[in-house]
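In case you want the letters, here they are:
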Amino acid sequence: MCLAIPARIVELEGDKAVVDAMGNRWKARTTLLAEAKLGDLVLIHAGFAISLVDEEEAKETWQLIAEINDFNQTQNRVSG
Amino acid sequence: MDFMLDRIHKAQTLCNAACEKMGRQINIMEVCGTHTVSIFRNGIRSTLPRKLKLLTGPGCPVCVTDQGYIDTVLQLADRDDCLIATYGDMVRVPGRGGSLETKRTKANVKVVLSSEDALQLAKDNPNKIVVFVAVGFETTAPATAVVVKEAAAGSINNFCILSGHKLVVPAMRALLSGKNHNIDAFLCPGHVSVIIGYGAFAEIVEDFGRPCVVAGFEPLQIIEGLGEICQQLSAGKAELKSVYPAVVTEQGNTSAQKIIAECFEPVDGYWRGLGKIEKSTLKLKDKYSRFDGLKRFNITETPGEDTSGCRCGEVLCGLIEPPECGLFGKSCTPQTPVGPCMVSSEGACAAWFKYGQKRKDE
Ligand code: SF4
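It should be emphasised that the depicted structure is a prediction, and the values quoted were computed from it without experimental measurement.

Draft legend 1. Representation of the state of the cysteines within the structure. All names here are of chain B. For the structure shown, the criterion picks out one disulfide over all chains. Note on Cys 188: no disulfide assigned, nearest cysteine sulfur contributed by Cys 212 at a separation of 4.0 Å. Just so you know, Cys 317 is unpaired, no disulfide at all, and the nearest cysteine sulfur is the one on Cys 341, 10.0 Å from it.

Draft legend 2. Highlighting the site of the ligand. Neighbouring the ligand are Cys310(B), Arg311(B), Cys312(B), Cys325(B), Leu327(B), Phe328(B), Cys332(B), Val338(B), Gly339(B), Met342(B) and Cys349(B). The residue inventory of the shell around the ligand, partitioned by class, reads nine nonpolar, one polar and one charged.

Draft legend 3. Structural view of the interface of chain A and chain B. Contacts between the two partners involve 33 residues from chain A and, on the opposite side, 47 residues from chain B. Across the chain A to chain B interface the summed buried area is about 3,400 Å²; carbon plus sulfur atoms make up 60%. Counting across the interface, chain A meets chain B through two salt bridges. Counting the contacts that link chain A with chain B gives eight residue pairs in polar contact (both at pLDDT 80 or more). Counting only elements with at least two residues in the side of chain A that touches chain B, the list comes to strand S4 (41–45), strand S5 (48–52) and helix H1 (55–72) of chain A. Partitioned by chemical class, the residues of the side of chain A that touches chain B number 16 nonpolar, 11 polar and six charged.

Draft legend 4. How the structure looks around the nonpolar core. All names here are of chain B. Counting residues in hydrophobic clusters, the biggest one holds 130 residues, and the most contacted among them are Ile 84, Phe 132, Phe 159, Met 172, Phe 186 and Phe 201. In terms of residue count, the dominant contributor to this core is helix H7 (residues 141–153) (eight residues). Mapped onto the domain boundaries, this core takes at least three residues apiece from domain 1 (2–50 + 179–242) and domain 2 (64–167 + 252–296). Among residues more than four places away in sequence, those in contact with Phe 159 are Ala 118, Leu 119, Ala 122, Val 130, Phe 132, Val 147, Ala 151, Phe 291 and Arg 296. Core analysis: the next-biggest nonpolar cluster, separate from the first, contains 22 residues, Leu 48, Leu 52, Leu 54 and Val 243 among them.

About the cut-offs
- Residues numbered from 1 in each chain as written.
- Chains lettered and ligands numbered in written order.
- Predicted model: local features only at pLDDT ≥ 70, side-chain atom pairs only at ≥ 80, totals over all residues.
- Heavy atoms only, no water.
- Disulfide = S-S within 2.5 Å.
- Near = heavy atom within 4 Å.
- Nonpolar A, V, L, I, M, F, W, Y, C, P; charged D, E, K, R; others polar.
- Contact = heavy atoms within 4.5 Å.
- Buried area = accessible area lost by both parts, 1.4 Å probe.
- Salt bridge = Lys/Arg side-chain N within 4 Å of Asp/Glu carboxyl O.
- Polar contact = N/O pair within 3.5 Å; in protein donor to acceptor, adjacent residues only side chain to side chain.
- Helix = DSSP H or I, 4+ residues; strand = E, 2+ residues; numbered from the N terminus.
- Core = buried A, V, L, I, M, F, W, Y, C linked by side-chain atoms within 4.5 Å.
- Buried < 20%, exposed > 50% of the residue type's maximum accessible area, 1.4 Å probe, protein only.
- Domains from an automatic or database assignment.

Dropping the structure here:
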């Protein structure tokens, strides 16, 4: 559950953002990452952006997450 | 692709050389549930020399949470005036008299994906007290801190948290201070380091002479991290390095650190398997104490005991591997978990169960 998910900021108003990862969209906050801008790829953990991340890094993590979620289908979800 | 193979080959050569030079088994501990999953999923263990052993440490927040905390959560879930807001990972952890999942039938347990959802639940249910099950390491604690501040600012008084937030570095110190440990070096957690910065591990290198290398989750990074550690061990050195430069800086996320420090203070706390560790658990500061669930319900948390037969404690300290537990794969499986290491997808027992573990030369 320390996993942070890379996602792109597709909407941003104040510190309230909508982010997108592999077509999944959800709400997140940029309270902890003041420099985050619209269009940036960020790492999201427990609903908050915690750092910027590059494209290549993001792709690798998405693959890993896909695998974990698959594993979790019969169990529970990884939070954050 | 060739370039990648070269890098893997180089790291493997370093690992092999270290094993030869040391002439004994080398033990490297990873302290991150996501590393555990990636190592198993990518079959990294099978590519390592026989004498290089990876130990799974206390890197899964659900797994290290003491049984006493779980029992407190379950106790509150029984109250009609409470709504329990929890991350999904905690729902199936067994405790005294069941798990949150079995309480779920009472409709007072809600799974949330963020701390903000938990606060929203309080706003939407003014006649209930929402208790947020706040577990997680430094990565997760800032998210809790933000909503506690917001609850205070908005006078949302039917919200409180049970802080089970834990700090990674004190746990590493506790492991190295124990007599029985056999840890030569640490592969340090990537996403915790995003917050605390890789500089936070300097004290482990300085005080205990153990190499600390921060790595991301790609197999290549993990293998290169191990290569870096082996190179240091061969040379008799202990250094602090990050092979995760795309995301982790030396200072970490200072806004997140500030907000943790503003809301929380480190106090002594209980960990599964590791017992009481000095200044290892985050407790809300006095100015936010009205959001502290223990105070609100006047609960004194006592350390709990593991479910009988479960050896999660030893698994978390790297003392045994999951198959050495008599229940592994028998009464304990991901469908019928006996301990948290089998519940959490990041737990060592679960990863071991799913991916199995064989070295190429076994
Ligand atoms: S296999 Fe099950 S019972 Fe044994 S240590 Fe792991 S979680 Fe506990």
